[in-house]
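One-letter residues, chain by chain:
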Amino acid sequence: WLGWWLEPLLSGDYPAAMRRNVGERLPSFSPEQRELLIGSIDLLGINHYSTHMVRDVADGERGDASSGWEADQHVVATFGAGWPQAASPWQRSYPAGLRGLLNWVAARYKGDIYVTENGWSCNSFTAAAAAADQEQLDYYTGYTEQVRLALVEDGVPVRGYFVWSLLDAAEWEHGFGTRFGLVRVEPGTLARQPKASAVFYTRAVKAGGFNASDGECNATTQAAPRFRAEGAQLQAVVNASRGGTPSLEVSRTMLLRTVRLAALAGQQARYEAEQGDFAAARQWDSKVARLVSGAERQKRQLAKRVEQQQPAEA
């Protein structure tokens, strides 16, 4: 389904399977149109909520046909056994599906990727349910971890992640009947109440990234052990790049890791200050300053390299 929209922007034409299934009903692009299409996006935003398991239709089988475009796919889609069910009937939770999608996209699109929407239609219709909505909390902890794995372990250039949504919204089809917000909104009064997932997400953002544990999300917990571990990982990347110019992807990885270390150092500085050891807090603050300065320098160097690789204008 994503290929329907993405493939023309990469190759100037629809996917071969789509051409085969839709036939003459699918329009063609002129050479001029193809030239305009190819590479016409600066970044790619992915909206992802759920995953399906699909198989090709058997001979004589109709397959999914609730709409014309679904029938043209010639597949049967199902959910995996035991996948948690959201309030919306079309959504189940399978976090690893997002990591797989990001890798699939990265193999085809050589550019920055943003997860522009990701969220859970939760069952927080009361204040008590919102305060302890474990399903939504599990969804966000699972899905943000898969984004982290795609970024750190798979090298997918994920540059941003956005939840849907900040507030319970009047959804197009169901109004307040489905609730995606991190913050519950009471119909009528519009009173707002942060849900359990809002507390998690706030702490994770303050801690500097998806891979913050529950302990790290608390500013009174030490970050020094993780700082040392991740610092060693960054040093290994630096050592592997000695004697030559690192690739753009390696340079981006080094920049991201440096920013992450600055966040961890800042958290440790807060921890030391809360313990009353202001001398140690100042030392960690100095680390923050050096890391931020280093990150800014890396960012400028990376931008210059990217600019140098751009084709000159005619």
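Residues numbered from 1 in each chain as written. Predicted model: local features only at pLDDT ≥ 70, side-chain atom pairs only at ≥ 80, totals over all residues. Heavy atoms only, no water.

### A few points about unusual backbone geometry
- Between tryptophan 164 and the following residue, serine 165, the backbone shows a cis peptide bond with an omega angle of 5°.
- Its location among the elements puts serine 165 in the loop between strand E5 (158-161) and strand E6 (183-185).
- The phi dihedral of histidine 74 falls on the positive side, at around 60°, and the residue is not glycine.
- If you trace the backbone, histidine 74 turns up in the loop between helix H4 (68-73) and strand E3 (75-78).
- For histidine 74, a relative accessible area of 34% puts it in the partly exposed group. (Helix = DSSP H or I, 4+ residues; strand = E, 2+ residues; numbered from the N terminus. Buried < 20%, exposed > 50% of the residue type's maximum accessible area, 1.4 Å probe, protein only.)

### Remarks on a nonpolar patch on the surface
- On the surface, a nonpolar cluster with roughly 400 Å² of combined accessible area is contributed by Trp1, Trp5 and Trp69.
- With respect to the helices, strands and loops of the structure, tryptophan 69 is situated in helix H4. (Patch = residues over 30% accessible without salt bridge, like charges linked within 9 Å, V, L, I, M, F, W, Y side chains within 5 Å. Areas by Shrake-Rupley, 256 points an atom, 1.4 Å probe, with all protein chains shown as cover. Salt bridge = Lys/Arg side-chain N within 4 Å of Asp/Glu carboxyl O.)

### Some thoughts on the sheet that holds E5
- Judged by pairing direction, the sheet is parallel, and its three strands sit side by side in the order E1-E4-E5 without closing on themselves. The open sheet is flanked by strand E1 (44-47) and E5, the only strands paired with a single partner. Going across the sheet, the axis of each strand differs from the next one's by a mean of 25°, ignoring polarity.
- Here strand E4 (residues 113-117) pairs with E5 via three bridges, running parallel. Residue tyrosine 114 lies in a different strand from E5, and its bridge partner there is glycine 160.
- Against the sheet, helix H5 (residues 96-108) makes contact with E1, E4 and E5, and its axis sits at roughly 135° relative to E4, the strand it touches most. (Pairing = 2+ DSSP bridges. Axes fitted to C-alpha atoms, helices over the stretch in contact; angles between N-to-C directions. Contact = heavy atoms within 4.5 Å.)

### Structural notes on helix H1 (residues 2-11)
- When we look at burial in H1, the residues that qualify are Gly3, Leu6, Pro8 and Leu9.
- On the buried face of H1, the contacting elements are helix H3 (31-37), E1 and H5.
- Glycine 12, located one to two residues past H1, shows a positive phi value of around 85°.

### Some thoughts on the packing of aromatic side chains
- According to the stated counting rule, one finds twelve aromatic pairs in the structure shown.
- When the centroid spacing of 5.1 Å and the interplanar angle of 35° are considered together, the rings of tyrosine 14 and phenylalanine 29 count as tilted. Highlighted residues: tyrosine 14 in the loop between H1 and helix H2 (16-22) and phenylalanine 29 in the loop between H2 and H3, separated in sequence by 15 residues.
- Looking at tyrosine 14, the relative accessible area reads 16%, which means it is buried.
- Grouped by ring-pair contacts, the aromatic residues Trp120, Tyr139, Tyr140 and Tyr143 constitute a single cluster.
- When the ring centre of tryptophan 284 is taken as reference, the NZ or CZ atom of lysine 287 above it lies at 5.4 Å. (Phe/Tyr/Trp six-rings, centres within 6.5 Å; stacked < 30°, edge-to-face > 60°. Lys NZ or Arg CZ within 6 Å of the ring centre and 35° of its normal.)

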